[in-house]
Structure formats: structure tokens, C-alpha cells
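A closer look at the structure
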Amino acid sequence: MVQKRALIVDDEPDIRELLEITLGRMDIQTRSAASIKTARALLAEQPFDFCLTDMKLPDGNGIELVEHIQSSFPNTPIAMITAHGNMESAVEALKAGAFDFVSKPVNLGLLRQLVDTALNLEPLDTTTTEQADEHKLFGQSDIIAGLRKQITKLARSQAPVYISGESGSGKELVARLLHRLGPHGHAPFIPVNCGAIPTELMESEFFGHVKGSFTGATTDKQGLFQAASGGTLFLDEVADLPLAMQVKLLRGIQEKAIRPIGAQTEIAVDVRIVSATHKDLAAEVAANRFRQDLYYRINVIQLKVPSLRERQHDIPELAVYLLKRVEKGYNQPATQISPEAMAALQRHHFPGNVRELENILERAFALCEEGIIYPHDLSLTPAVGVAEKAPPTTAQDTTAVAGDQSPDEVDSLESYLEDIEKNVIVEALEATRWNKTAAAKKLGITFRALRYRLKKLDLE
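Everything numeric here is computed off the predicted structure, so don't read it as measured data.

**Description of the overall build of the protein chain**
Helix and strand counts for the protein chain stand at 20 helices and 16 strands. Across the protein chain, every contact between residues at least 6 apart in sequence was considered, and the portion connecting residues at least 24 apart equals 68%. Only carbon and sulfur atoms are counted for the fraction: they give 49% of the accessible area of the protein chain, which is about 23,000 Å².

**Section: the pairing of strand β10 (residues 232-236)**
Most of β10 is tucked away, with 5 of its 5 residues classed as buried. Both faces of β10 are covered, namely the face carrying Thr232, Phe234 and Asp236 and the face carrying Leu233 and Leu235. With 5 bridges connecting them, strand β9 (residues 189-193) and β10 associate as parallel partners. Residue Ile190 lies in a different strand from β10, and its bridge partner there is Leu233. Examined bridge by bridge, β10 and strand β13 (residues 272-277) share 5 bridges and lie parallel to one another. Within β13, the position partnered with Leu235 by the bridge is Ser275.

**Focus: the environment of Pro242**
Take Pro242: it is sitting in the loop between β10 and α10 (243-255). On the accessibility criterion, Pro242 (25% relative accessible area) is partly exposed. When the C-alpha atoms of Pro242 and Thr199 are compared, they prove to be 7.5 Å apart, with 43 residues separating the residues in sequence. Look past the residues within four positions of Pro242 in its chain and what remains in contact with it is Thr199 and Met202.

**A closer look at a negative patch on the surface**
Residues Asp59, Glu64, Glu67 and Glu92 make up a contiguous surface patch of negative charge. In this fold, Asp59 is placed in the loop between β4 (56-57) and β5 (60-61).

**Quick word on the nonpolar core**
Judged by nonpolar contacts, the single largest core of 45 residues is most densely connected at Leu7, Leu65, Ile151, Ile163, Leu178 and Leu303. When residues in this core are grouped by element, the largest group, 6 residues, is from helix α4 (residues 87-96). Beyond its immediate stretch of four places on either side in the chain, Leu7 contacts Arg31, Ala39, Leu42, Leu43, Phe48, Phe50, Cys51 and Leu52. If you look at the next biggest cluster of nonpolar residues, it comprises 30 residues, including Phe207, Leu224, Leu233 and Ile273.

**Brief notes about helix α15 (residues 353-367)**
Along its 15 residues, α15 runs 21 Å from first to last C-alpha, staying within 8% of the 21 Å computed at 1.5 Å per residue. Of the positions making up α15, those classed as buried are Asn353, Val354, Glu356, Leu357, Ile360, Leu361, Ala364, Phe365, Ala366 and Leu367. Close packing links the buried residues of α15 with α13 (315-327), β15 (336-337), α14 (339-347), β16 (372-373), α16 (375-378) and α20 (447-456).

**A word on the pattern of salt bridges**
Applying the stated criterion to the full structure yields 15 salt bridges. Salt-bridge contacts for Glu88 lead to Arg297; the nearest nitrogen and oxygen are separated by 3.2 Å. Of this pair, Glu88 sits in helix α4 while Arg297 sits in helix α12 (residues 292-298); the two residues are 209 residues apart in sequence, bridging distant segments of the chain. A relative accessible area of 9% places Arg297 in the buried class. For Lys256, the salt bridge goes to Asp100, with nearest N and O atoms at 3.0 Å. Remark: Asp100 occurs in strand β7 (residues 100-103) and Lys256 occurs in the loop between α10 and β11 (257-258); sequence separation between them is 156 residues. Judged by its relative accessible area of 21%, Lys256 is partly exposed. Note on Asp100: relative accessible area 5%, which makes it buried.

Calculation rules
- Residues numbered from 1 in each chain as written.
- Predicted model: local features only at pLDDT ≥ 70, side-chain atom pairs only at ≥ 80, totals over all residues.
- Heavy atoms only, no water.
- Helix = DSSP H or I, 4+ residues; strand = E, 2+ residues; numbered from the N terminus.
- Contact = heavy atoms within 4.5 Å.
- Areas by Shrake-Rupley, 256 points an atom, 1.4 Å probe, with all protein chains shown as cover.
- Buried < 20%, exposed > 50% of the residue type's maximum accessible area, 1.4 Å probe, protein only.
- Pairing = 2+ DSSP bridges.
- Patch = residues over 30% accessible without salt bridge, like charges linked within 9 Å, V, L, I, M, F, W, Y side chains within 5 Å.
- Salt bridge = Lys/Arg side-chain N within 4 Å of Asp/Glu carboxyl O.
- Lys, Arg positive; Asp, Glu negative; His and termini not counted.
- Charge placed at Lys NZ, Arg CZ, Asp CG, Glu CD.
- Core = buried A, V, L, I, M, F, W, Y, C linked by side-chain atoms within 4.5 Å.
- Expected span 1.5 Å × (residues − 1).

Written out as C-alpha cells, the structure is:
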């Protein structure tokens, strides 16, 4: 096995010696330099598998070396040594292309993890395509091809990434690709919806707690940061974090350490932070609903996921894949999308993006006849209440079917309509002694559509 080589750049002899000893114990051959000029000369002499450089050097700034290596040796990861608490320098280095950073005084445990990760990076290949369909970014448009290249490049970095885009556009898929294509692809990917955690439980969920730290803490609990250690923590809808939690999250990101509730000491964590929201985060900062300092920490690199209407040429490929996914679990012959239906999909605005496309195809799959989806199966006209599929009823009858609830008394229109649909279907089944074929005829829908609705509403 060929011994790995690392270049260490620091003008302090004691720091260079400490780093050389640490890497030497990892069976890594080292060369050292005290200036940018010497480092450039060593880089020209021989290839290196990794570079570790200080920020302040006698003949310039470490950022210059980062940029030089990025342009001339793109497959050599470089990490920056920064002064304690100087996150501005760390962020500047990450934006310039540094793989990661480590703060002085150097935590040797974190340094070894950082070096291990850097040496396990695959060579940069922007033509790489994902093999598994469930983790593939479908589409051949220029905007998607560009996004794929960005993902492949950023997967090598430990820099925090902020993913912006409309609801349903595929932000979590992009986050998963960043994780899977990077050196931590084998480690945990922990997604968390920041708006779904009760405020009073948030600190315990993120950082964990020790037994007896508060009433009900009967055992030690590992937090999300610890669960994601060595991997990626995906903060979905990060804009929904309350301000008090934003402060604690900021410290965890800056210090690479967290303190569980009730613990006396901090725990070092090696976690990459990827965040996303459908909101305009800059506008949230301007409205004082999101801390500016946290915004700059999580928004080191931004990826924008395009809406579906920005890549309409990708709809046919996406639709075929999504329809196959819908078909799984049903013992039915393959369903086809007619050319007229495909053209109708390409003309549609898709405010709900890919998620809306999948819902439309799921509904069309249930409604179509003879395994072919036509435009009328797509129901792309303004949505019609499901209750209209049932025998005609008055407004009063419909409300009564839903349990004498008015729309003001229900959580959402969707749940209100689902209650109506459940009751209408159950009544039809009871009237036909649970003969599904007869019930479908009574409801004026196909047997296939009834099966779909029974499955969707958990009535089977």
C-alpha cells in the first residue's frame, strides 16, 4: 500500500513539529513549509494527498494557498488552521475552497478525524452520475446538469451548505446526494424538520441530556448532533427555529462541540451541517426572525434547487420514473402516459413542483382505464372536492357526513375532505355488504380507483 503524503504549512516550529508527529503516528509521510513560497515549491516537486495550512504566514495569507491548490491541484484537499474563535477566517477559507478547518489550540482527536476523512475523498469527477434511482437527480436540462456538477464538487467539502428552493422541488434529495457522494456517505444522514419539534423539547432533541437533568429524564439521551456524528445533520425548514435555539445551534457549529442538558463538559462532534428552507432566509434576517450571525455560518455555500416550471423539458423523464414508483405495491400491468397527457403535464404550472407531479400521477394511476393515462385522468383543472364523486348531496348532508363539523372546526381542508371521503366510502361498502366491485359501481368510480382510495385512507 502506497504511503500517503501530507504538506504542513505553518511558520511556528512547535506547531509544525506537533502536526508532523501526529500525522506520522497515522503512518502519513509529511513535508513542511514555513511560507507560501516554500509550499508552492514543494507542491511543484511532488504530489500530495492532503495539505494543512495556517491562516497567517510571513509572505501572505493561507487563503492564497487554498486558491492556488484549488486551481492547480483540485484533487488535493486542503484544511485551514485558524485562531480560536475566528470563524470569519474559517468561513472565508471554506468559501475559497478549503475542505475543512481546525482551530487553535488544535484538538488532536478532531484533527485525526479530519485527516482520515480528507484521505478518503474520491478524485473529483463532475461527470459522476448516481446509480440508484431513488437517489438520482432526474433531468437532462442545463440547469439540472449544472446542479449535479455543483453537488459532486461540494460533496468533497465539509463546508456548511444552505439549500434554497420552493416547496416540493427536491431540497432533501439534494442534501442526501451531498451526503452520499461525499467521504461520509457510509455514515449517518440525520434529517430533522425544525418546525416539527416542540419548543420545550428542542434543546434535548438537538443536544441530548443526562439522567436526572430535569423531571422525566430517567436515562441519558443522545441528541441529534451525536446521532449524526461522522455524518450529516440536515436541518430542514431551518427558518422555523426559535431565536433562543438559534443561539445554541450557532455555538455548536462554531465550536464543533455540544453540551447535553445537565452535562458538565462539552462533547466534540464531527458533523457536517446542511440546511434548507422554502422561505427567503435573507428576508427572515431583515425581519429579525433569524439571527444574522447564524445565517452567515450556515450559508457558507448556497445551492438553489430550480422549480419544476424552470425545467419543463425534464418532466417526461421525471413522470416516467415517478409513475413506476407509484405502481410499486400494486399487482397491475405497467401504466403508460399518452402523448396528449404528457403534453398537458409539460404545459402545467406546477406550484407544488415535483411533489405535486407525483400526487397528480398517483391520482391518475388510480383513475385511468386500460392502463393508459389520458389528459382527463390528470385532473389538472382547478381541484374539485372528492365528495363530488359520491352521489349528489346537499351542503347540509355533506357536513353531516363529516360528523357535523364546520370547516372552521377542523385542522385543515385536506383532513376535512378526507373525513368526508372516508364516510362516503364506508357507507357505500356497508350498503353493498363490503362488496368492493358493487361499492365502486355505486360510487361511480372504477374498482381500481376504489382500491387506491382504500389504501390511501387506511381502510383496507
